[in-house]
Amino acid sequence: MDHFSELTYSMYADGELPGPERLRVQQHLTQCAACRAQVAALEAENRILAEVFRLTEETDAARSRGSIGRSLLITVGSALAVALGLDRLVVGIERLAPGAMSWVNPISLPSLQGVLFNNALDLVREGPAMLNALVTVLGLLVLGAIAAGVLRHFINRHPMSMAIMATMLLALGLPRPAAAMEKRTGTTVRIGSQETVNDSLTVSSDHLQLDGAVNGNVIAFAQTARVTGTIKGDLIVFGQQVEVSGTVEGNVYAFSQTVTVSGHVEHNVYVWGQTLQFDKDGRIDGDILMGGDTARLRGTLGRDASLLCGTLEADGDIGRNLQAYTNAATIAGSAHIAGNVDFHVKRQQEVDIEPGATIGGKTEIFPDWKKHASHYKEAKFYYWQAIWMAGALIIGLLLYWIAPAFFASKLDSGWALLRSGGVGFLALVAAPIAAIIAFITLVGIPLGVSLLVLWLAGLWLAKVFVSAAVGRGLMRRRPGELPNFAVPFIVGLLIVFVAINLPYVGGWLSFLIILVGLGLAVLGVRSGMKGRAIA
Amino acid sequence: MDEAKLEMVLSRAMNDDAEAFGELYQLFRPRVFGLCRHLLGRHEDAEDATSEVFARLPNSIKRYEKSLPFPRWLLSVTSHHCVDRLRRRQLEQRLFEAEPAEALQLPVHQASPLQQVISDEGRDRVRKAIDALPEQYRIPLTLRYYSDLSYDEIAEQLSLSRPNVATLIFRAKQQVRRALAGAAAGA
């Protein structure tokens, strides 16, 4: 009896042999154990193939879910790397021409921190007014993200460039050019007065005593850190007590309980901690930014002092302005403040400016900085809000009737929210820029005008879009039910209305809603256009 | 999702309910994506193809006949789409030609069946071996074991003769076995 070919058995196992041949094979199999075994193996193989394919589907799905998080991470990471890279580039230029680049570098750590810190101060007072500064910071991050996105696209196409890019970024991102990192550990780390560390230095110990010189940055994790020597770069400390009686040529960043400066800091001092003690002999050529409990300013400060603290005592020289959000403030008679004094306090009488104190600019005291005059008690407020809601309702319904594409996007997951917010932010930033560019070309003025009008309309309508999406998300229809727009929309409007009028956070929510709403509209229109183009 | 619920979503989709398409997307995206991934090879291409299939669904669903189970129909739409894409890549000539049906008679009991290899190597290896197959083998194999299409259906989709499909699938399996055996020997 002749065996059949393996191909025949393969087709047999697939159930694809035509009738007569199939019968012949079956007949042979009853007699031939070897072929039976082979067919059984082929059938098992088929099952395995099907199973592998099914598994692939599951892992692929899981992987593409994971890749959202991963690409987000990559984007944020690269954005930071690009920002850091730019920062280093400017630092490099700064070395060649000192001071020349300081205004160009909005991304440098100090000014970024300055912006963030000032924002934190403003947040306490009035959220929406600080949008400008916030937009600046976010804009920079978005620029970084766009650059990173382009980079990533490029890398996807040309994998080899990944290594080159990574090396470049790493090289740019490393702290101060030509400064490698030296690491020291132990219970007590002491840099003797004769010793010079040519690199940047990281220290992790209970006590750091720095009497000598460090030519790079010092990053210290230490319970107590004393600097009597010289640091050419920045001093970054996480610790309980920090004392600077020597010289820091860069900035001081201290996340510490007590920070004492009796030496010389040539740039800025940033303190997050309980107490800042700026001694009489101390000198800080730049700014002081502090968030904490007690600030005693007795030394000589070159520029501004911005403080968010419980108690402030000013007794020294301040080269420019003094701004503080505080519970109690004292300016001693011997103090010299060249610029303005802005105090935000709970009560006027908590500010004590002793006679003899010299203040070059204006002195303004804003009492009640934690209290808002409540407009919730006024009938007028509700009247206007009701009008706003009615208007939004009518316009929303009209718009839905005319162009439902605006409402096509949904907010059914955190990712959708993030995506809409991101797209919305781009629209918020990009539209005016595009309009300005259009204006510059002169020919494009009509385009620029329409763009601006659309943009302004979008800002207003954003709340409408979000209301619709929120309402629809909450009142999800069961399958088979008739589509309804109005009722969920009204519910959404009510929610948005309450959200944007919440005390303190309302302004922020309002801003976020504008972002998300713009994003929803853009995404909706985009997918609508895409669908039409394909169809 | 049970049959009745799927039915409901489908009838809503056929009445142009945008949300129903969203639900279909949630339900079937992984399967459609998986098929695209196997057929097209590249992750990005598969993403593109998947979104195109779903973007066209509002139109294409009008051609759906209830006699066929929906998932099967959707997968066949997907594979059509992918094969179109591949043809547009102009790999068509290389794809399915020069595979004469005559040169088939192979010695019996030749290669060791996949089963024996698999116990040692694990499914991941098999997957890699499949991914590494040339397109002319990978595509019929995918249509057969992922989409569960018959030889005739595959032949129709790829414009090939039925014996040709049989050969390609057979060769594909042989090559997978060989790759696995080689990997095992090399390890």
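Refer to the preceding data block for the structure.
Throughout this description, residue numbers start from 1 for each chain and increase along the sequence as written. Starting at A for chains and at 1 for ligands, labels are handed out in the order in which the entities are written. Local features in a predicted model are, by the rule used here, given only for residues with pLDDT of at least 70; side-chain atom pairs are given and counted only at 80 or more, and totals for whole chains, interfaces and linings are based on all residues. The basis for every side-chain value is the complete set of heavy atoms in the structure, and neither hydrogens nor water enter the calculation.

A. Focus on the overall build of chain A. Scanning chain A for helices and strands turns up 11 helices and 22 strands. Taken over 535 residues, chain A has a buried fraction of 41%. Within chain A, contacts between residues at least 6 apart in sequence are counted, and of these 28% link residues at least 24 apart. Using a 1.4 Å probe, accessible areas were evaluated by the Shrake-Rupley method; residue-level cover was limited to the displayed protein chains. For chain A, the exposed surface amounts to about 27200 Å²; the carbon and sulfur share of it is 64%. Only DSSP runs of H or I reaching four residues or more are called helices, and only runs of E reaching two or more are called strands; each is numbered from the N terminus. Each residue gets one of three labels from its accessible area relative to the maximum for its type: buried under 20%, exposed over 50%, partly exposed in between, using a 1.4 Å probe on protein chains only. Whether two residues are in contact is decided by their heavy atoms, any of which lying within 4.5 Å being enough.

B. Quick peek at the overall build of chain B. For chain B, the count of helices and strands is 10 helices and 0 strands. Along chain B, helices (α) and strands (β) appear in the sequence α-α-α-α-α-α-α-α-α-α when read from the amino end. Across chain B, every contact between residues at least 6 apart in sequence was considered, and the portion connecting residues at least 24 apart equals 68%. Surface summary for chain B: the accessible area is close to 8900 Å², and the carbon and sulfur share equals 49%.

C. Geometry of the sheet that holds strand 10 (residues 264-265) of chain A. Residue and element names in this part refer to chain A. If DSSP finds at least two bridges between two strands, the strands pair. In space, the 10 strands of this open sheet follow the order 2-4-6-8-10-12-14-16-18-21, with parallel pairing throughout. If you trace the sheet from one side to the other, it starts and ends with strand 2 (196-197) and strand 21 (358-359), each paired once. Strand direction decides the pairing type here: strand 6 (residues 230-231) and strand 8 (residues 247-248), joined by 2 bridges, are parallel. What sits directly across from Thr230, in strand 8, is Thr247.

D. Expanded view of the pairing of strand 5 (residues 218-227) of chain A. Residues and elements named next belong to chain A. Where strand 3 (residues 200-210) and strand 5 come together, 9 bridges link them in parallel fashion. Considered in strand 5, the bridge of Gln209 is made with Arg226. Where strand 5 lies against strand 7 (residues 235-244), 8 bridges are found, and the strand directions are parallel. Pairing of Phe221 across the sheet is with Phe238, part of strand 7.

E. Region of interest: helix 7 (residues 123-132) of chain B. Residue and element names in this part refer to chain B. Turning to helix 7, its buried residues number three or more, namely Val126, Arg127, Ala129 and Ile130. Buried residues along helix 7 cover an arc of 160° about the axis, so they all sit on one side. Looking at helix 7, the residues exposed on the side facing more than 90 degrees away from the buried face are Lys128 and Ala132. Here the arc refers to the directions that run from the helix axis out to each C-beta atom.

F. Geometry of the pattern of salt bridges. In what follows, salt bridge is the name for a side-chain nitrogen of Lys or Arg lying within 4 Å of a carboxyl oxygen of Asp or Glu. Applying the stated criterion across every chain yields a total of 23 salt bridges over all chains. Here Glu195(A) makes a salt bridge to Arg184(A), at a shortest N to O gap of 2.7 Å. Of the two residues, Glu195(A) sits in the loop between strand 1 (181-191) and strand 2 while Arg184(A) sits in strand 1, which places them 11 residues apart along the sequence. With a closest N to O distance of 3.5 Å, Asp304(A) and Arg320(A) form a salt bridge. In this pair, Asp304(A) is assigned in the loop between strand 14 (300-301) and strand 15 (305-314) and Arg320(A) in the loop between strand 16 (317-318) and strand 17 (322-331), connecting sequence segments 16 residues apart. Using a relative accessible area of 39% as the deciding quantity, one classes Arg320(A) as partly exposed. Each member of the salt-bridge network shares a partner with another, and the members are Asp14(A), Glu16(A), Arg144(B), Asp152(B), Arg162(B) and Lys173(B).

G. Geometry of the packing of aromatic side chains. Note on ring pairs: Phe, Tyr and Trp rings are taken, using the six-membered ring of Trp, and paired if centres are within 6.5 Å. Classes follow the plane angle, with under 30 degrees stacked, over 60 edge-to-face and the rest tilted. Under the counting rule described, the total for this entry stands at 12 aromatic pairs over all chains. Their ring planes at 5° and their centres at 4.8 Å tell us that Phe238(A) and Phe255(A) sit as a pair that is stacked. Of this pair, Phe238(A) sits in strand 7 while Phe255(A) is found in strand 9 (residues 252-261), placing the two residues 17 residues apart along the sequence. On the basis of an interplanar angle of 35° and a centroid distance of 5.6 Å, the ring pair of Phe70(B) and Trp73(B) is categorised as tilted. Placement of the pair is Phe70(B) and Trp73(B) together in helix 4 (residues 70-88), with a separation of 3 residues, close to one helical turn. You'll find Phe70(B) and Trp73(B) in the same group, each marked buried.

H. Representation of unusual backbone geometry in the model. All names here are of chain B. For Asp148, which is not glycine, the phi torsion reads 65° and is therefore positive. The phi angle at Ser159 is positive, at roughly 55°, despite the residue not being glycine. Along the chain, Ser159 falls in the loop between helix 9 (151-158) and helix 10 (162-186). Under the relative-accessibility criterion, Ser159 is labelled exposed at 60%.

I. Structural view of the pairing of strand 13 (residues 288-297) of chain A. Residue and element names in this part refer to chain A. Counting buried positions over the 10 residues of strand 13 gives 7, a clear majority of the element. Examined bridge by bridge, strand 11 (residues 269-278) and strand 13 share 9 bridges and lie parallel to one another. Directly across from Gln277, in strand 13, lies its bridge partner Arg296. Direction of pairing for strand 13 relative to strand 15: parallel, over a ladder of 8 bridges. What sits directly across from Arg296, in strand 15, is Glu313.

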